[in-house]
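# Report on the structure
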Amino acid sequence: MKDDNFFKLNFFEIFNIPQEYNLDKKALENKLNDLQKQYHLDSSNSLEQKFLIEMRSSRVNIAYQTLNSDLKRAIYLMNLWYKIDIEDESTLFYDKKIIQEILDIQSNLYDIKFEFKGSSNFKNNQTSNSQNPNFEDAFEANYRFTQEIDKIKSKIYTLETKISQSLVKNISSNQIISELKSDIIRLKFLEDAINKFK
């Protein structure tokens, strides 16, 4: 691989795997290990070569993180195949229904989480305290909070399955591409909502 060509490769080409949404993550990890051995700093003595190896190694790690994440891989493929930049803010906020859905979910989670914030037993309670009048309320809030998180996880799984079945190269229908874009944006927001409450 020539120095000037390596940085022109897309992430799938770096790992020498097909440009597909569905991929074997174990095989991807094995290829990562091979590339890390190939681009190890001890493999060169000159400063210029070490710098080049470090740059390649960094790109390999970014490529791996992108391809190993279902969401990041979907976003990357939409950009690679259809030149749709889902990370662009103007793209993210184009669908008011998605925004309203996410705002409702986040608002509901915040309401449940902070409804009983005065109780020290909320979310992390290890032992019951029957003398604490807030215990039952905190337990109920924690239960409702867990149920809401499970609902979001179920939506995430459903979206990942739908994206997995839909995201193929050479989609000719603009409507399908638009729906796929909406699903990926919804998935991104749902994952962000879950991560805020971990």
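This write-up is about the structure you can find in this document. (Residues numbered from 1 in each chain as written. Predicted model: local features only at pLDDT ≥ 70, side-chain atom pairs only at ≥ 80, totals over all residues. Heavy atoms only, no water.)

### Some points on the packing of aromatic side chains
Scanning all chains against the criterion turns up six aromatic pairs. Seen from their ring centres, Phe15 and Tyr64 are 6.4 Å apart, and the 45° between their planes marks the pair as tilted. Note that Phe15 is positioned in helix H2 (residues 11–15) and Tyr64 in helix H4 (residues 47–68), a separation of 49 residues in sequence. Judged by relative accessible area, Tyr64 falls into the buried class, the value being 16%. An aromatic cluster of three or more residues is present, and its members are Phe6, Phe7 and Tyr39. Lying over the aromatic face of Tyr21, Arg73 brings its terminal NZ or CZ to 4.7 Å of the ring centre. (Phe/Tyr/Trp six-rings, centres within 6.5 Å; stacked < 30°, edge-to-face > 60°. Helix = DSSP H or I, 4+ residues; strand = E, 2+ residues; numbered from the N terminus. Buried < 20%, exposed > 50% of the residue type's maximum accessible area, 1.4 Å probe, protein only. Lys NZ or Arg CZ within 6 Å of the ring centre and 35° of its normal.)

### Some points on the pattern of salt bridges
For the structure shown, the criterion picks out eight salt bridges. For the salt bridge of Glu101 with Lys155, the shortest nitrogen-to-oxygen distance reads 3.7 Å. Remark: Lys155 occurs in helix H8 (residues 135–166) and Glu101 occurs in helix H7 (residues 96–115); sequence separation between them is 54 residues. On the basis of relative accessibility, which here comes to 38%, the residue Lys155 falls in the partly exposed class. Asp183 is paired through a salt bridge with Arg186; the nearest N and O atoms lie 3.8 Å apart. Linking Asp183 with Arg186, this pair stays in helix H9 (residues 174–196), spanning three residues, or about one helical turn. Of the two residues, Asp183 and Arg186, both sit in the buried class. Taken together, the shared-partner salt bridges connect Glu101, Lys155, Lys162, Asp183 and Arg186 into one network. (Salt bridge = Lys/Arg side-chain N within 4 Å of Asp/Glu carboxyl O.)

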